[in-house]
Every structure is written in structure tokens, then in C-alpha cells.
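Fold and geometry: a report
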Amino acid sequence: MIRVLLADDQTVVRAGFRALLDLTDDLVVVAEAGEGTEAVELARTTRPDVVLMDIRMPGVDGLEATRRIVAAPDLATVRVLILTTYEADAYVFEALRSGAAGFLLKDVEPDGLREAIRTVAAGRSLLAPAVTRRVIEEFARLKAPQEHARKRLAPLTAREREVLALVGRGLPNEEIGTHLIMSPLTAKTHVSRILAKLGARDRAQLVVIAYETGLVRPGEA
């Protein structure tokens, strides 16, 4: 069973998601939170696999709650999936930078929500929706890569930078392997090393880093 924590300040929204997930054999809602501090506390006491986190909540919002969960060593296995009503929500970019595994619009279809939770629970990032790329590109466009950001790439080899650039463009390991003439397993090994060297939580953070450091430019094919 995949254990899910719902964090949203609207009771009716939480009730709708719970009703949907309760009808799914492999998903179970273990707790509900109405604001960020409560979400962090419940994450500690219930240890969910996935937190469905709304960004805009009173008090401690979903962005700060995401930071606290991601930064807590005892919550290393908890994955955060951001929920938002807005395609161009400025905070989505910050949430991905802070370690969220991805995000969904609240009008997602039921099957899409279920698959998103399964994807994130399995340790993968939810980068497929085109809106994710649009948000990242929009906010990367607002700020040119800084020298201190480029220095973050110093630990990487030339090959690892090539792999990171392709991760930033959204390619899975199979396509990275094809592009660089290596096996998918070798590509996966490179990605794992890049994650370790950069101290990144998952591929979602690698995409952000690729844009921030200028390895990938907004609008680049």
C-alpha cells in the first residue's frame, strides 16, 4: 500500500481527494492537514510515502512545509507532490528547487492523479506534464545564470555535464543512452553520481540546476 498525506486548507478539496483515493486498492490516506506546520508534524508521526501538498495555505504555506520535510533527515523517504490551481504559479519553481518531486494541477483526471502518486512513491520525478517545463523555463528566463551557480558544476566531469544537460531537457535514461551512445544502465549510473555530487534529491532538482547553471537555455530544443 502507498501511504498518502493530504495537505490542503480547503476541507472540500481534501474530502474529494480522499474519496477518490479510498476507491483505489493500492493507495490509502493516512492523515489530512489544513496548513503547513500540521503537514510537517503529521509527516513525522504517520511517515507517508507521498504528501499531496497544496502551495497556497494560511500560516506556513506548502512551500515552506516542503522545505522542512525535504530538509528533515528522519523524513528522507517522504516524497512531496505539489498541487496547485495555477499553471504559472511562481512558487512551483521554488518548490521544485526545494526538493518537491513534481507537481500537478488540481483539475488532474482521477487516473492521472493515481499514476502520479505511484510514480512519485516509486522514487521517480513527475516531470512529464508540459506545464512543468513551461514553469521552469519561465522562471529561468527571468534570471540569467550567475557565476556562483556555474561553480556548482565544478565537481562534475565533462560526460556528467552532458548527461545533466539531457536530464534538464527531460530525457529519460533510455534516450540519454541513445544520444550519448551508452547503455541505459550506464546513463542511470551517471545520473546517480550527479545526484550525489550535487547533493540533489531527485531528477526534478537536476532539471532546475541544469537551467540555473545555464547548461540548458529556455526554449532550447
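The residue numbering used here restarts from 1 in each chain and proceeds along that chain's sequence as written. Confidence filtering applies because this is a predicted model: local features only for residues at pLDDT of at least 70, side-chain atom pairs given and counted only at 80 or more, and all residues used for totals across whole chains, interfaces and linings. Neither water nor hydrogens contribute to the side-chain values; these are computed over all heavy atoms in the structure.

**Thoughts on the environment of Ala72**
Inclusion rule: What counts as a helix is a DSSP run of H or I of at least four residues, what counts as a strand is a run of E of at least two, and both are numbered from the N terminus.
Its place among the elements puts Ala72 in the loop between helix 3 (62-71) and strand 4 (79-84). Considered as a pair, Ala72 and Arg44 are 28 residues apart in the sequence and their alpha carbons are 9.3 Å apart.

**Considering the packing of helix 8 (residues 158-168) against helix 10 (residues 184-198)**
Rules: Every axis corresponds to a line fitted to the C-alpha atoms, with the helix fit spanning only the stretch in contact, and the corresponding angles, defined between N-to-C directions, vary from 0 to 180 degrees. The labels follow the angle: roughly parallel below 35 degrees, roughly antiparallel above 145, roughly perpendicular from 65 to 115, and oblique for the rest. Any two residues whose heavy atoms approach within 4.5 Å at even a single point are treated as in contact. Nonpolar residues are Ala, Val, Leu, Ile, Met, Phe, Trp, Tyr, Cys and Pro. Charged residues are Asp, Glu, Lys and Arg, and all others, Gly as well, are polar.
Where helix 8 contacts helix 10, the two axes come as close as 10 Å, and the packing angle between them is 95°. It follows that helix 8 is roughly perpendicular to helix 10 by the angle criterion. In this structure, helix 8 uses Arg159, Glu160, Val163, Leu164 and Val167 to contact helix 10, whose residues at the interface are His190, Val191, Arg193, Ile194, Lys197 and Leu198. Taken together, the residues that form the contact of helix 8 with helix 10 break down as 6 nonpolar, 1 polar and 4 charged.

**Considerations on the sheet that holds strand 2 (residues 27-33)**
The condition that has to hold: By this definition, two strands are paired if DSSP reports at least two bridges between them.
Read from one edge to the other, the open sheet built from 5 strands follows the order 2-1-3-4-5, with strand pairing classed as parallel. In the strand order of this sheet, the two ends are held by strand 2 and strand 5 (102-105), each with one partner. If you compare each strand with its neighbour and ignore which way they point, the axes differ by 25° on average. Relative to strand 2, strand 1 (residues 2-7) runs parallel, the two being bridged by 6 bridges. By the bridge assignment for strand 2, Ala7 is matched with Ala33. Docked against the sheet, helix 1 (residues 11-22) engages strand 1, strand 2, strand 3 (50-54) and strand 4, running at close to 160° with respect to strand 2. Against the sheet, helix 3 touches strand 3 and strand 4, its axis set at about 155° to strand 3.

**A look at the pairing of strand 5**
Operational definition: With a 1.4 Å probe rolled over the protein chains alone, any residue whose accessible area is under 20% of its type maximum counts as buried; one over 50% counts as exposed, and the rest are partly exposed.
Of the two faces of strand 5, both are covered, the one formed by Gly102 and Leu104 as well as the one formed by Phe103 and Leu105. Inspection of the sheet shows strand 4 paired to strand 5 by 4 bridges, in the parallel sense. Counted as the bridge partner of Leu81 is Gly102 from strand 5.

**Focus on the confidence of the model for the protein chain**
For clarity, the threshold we go by: pLDDT measures how confident the predictor is about each residue, on a scale from 0 to 100.
When pLDDT is averaged along the protein chain, the result is 85, and 86% of the positions lie at 70 or above. Within the protein chain, the lowest mean pLDDT, 59, falls on helix 6 (residues 130-141), and the highest, 97, falls on strand 1.

**Notes on the pattern of salt bridges**
To keep it simple, the criterion reads: The rule for a salt bridge is simple: a side-chain nitrogen of Lys or Arg has to be within 4 Å of a carboxyl oxygen of Asp or Glu.
A complete count under the given rule lists 14 salt bridges for this structure. Here Glu32 and Arg18 are joined by a salt bridge, their closest N and O atoms 2.5 Å apart. Taken together, the residues span a long stretch of sequence, with Glu32 in strand 2 and Arg18 in helix 1 at a distance of 14 residues. Overall, Glu32 belongs to the partly exposed group, its relative accessible area being 25%. Measuring nitrogen to oxygen at the nearest pair gives 2.7 Å for the salt bridge that ties Arg114 to Asp111. Of this pair, Arg114 and Asp111 both sit in helix 5 (residues 110-121), 3 residues apart, roughly one helical turn. Take Arg114: its relative accessible area is 16%, and that puts it in the buried class. Sharing partners across several salt bridges, the network here consists of Asp8, Asp54 and Lys106.

**Some points on the nonpolar core**
Nonpolar side chains in soluble globular proteins tend to end up buried together. Basically, it comes down to this: Within this scheme, the nonpolar core is defined by two criteria: the residues are buried Ala, Val, Leu, Ile, Met, Phe, Trp, Tyr or Cys, and they are joined through side-chain atoms within 4.5 Å.
Counting residues in hydrophobic clusters, the biggest one holds 27 residues, and the most contacted among them are Ala7, Val51, Met53, Ile69, Leu75, Val80 and Ile82. Of all the secondary structure elements, the ones that give two or more residues to this core are strand 1, strand 2, helix 2 (36-46), strand 3, helix 3, strand 4, helix 4 (90-98) and helix 11 (203-212). In terms of residue count, the dominant contributor to this core is helix 4 (4 residues). Setting aside residues up to four positions removed in sequence, Ile82 forms contacts with Met53, Ile55, Thr66, Ala95, Ala100, Gly102, Phe103 and Leu104.

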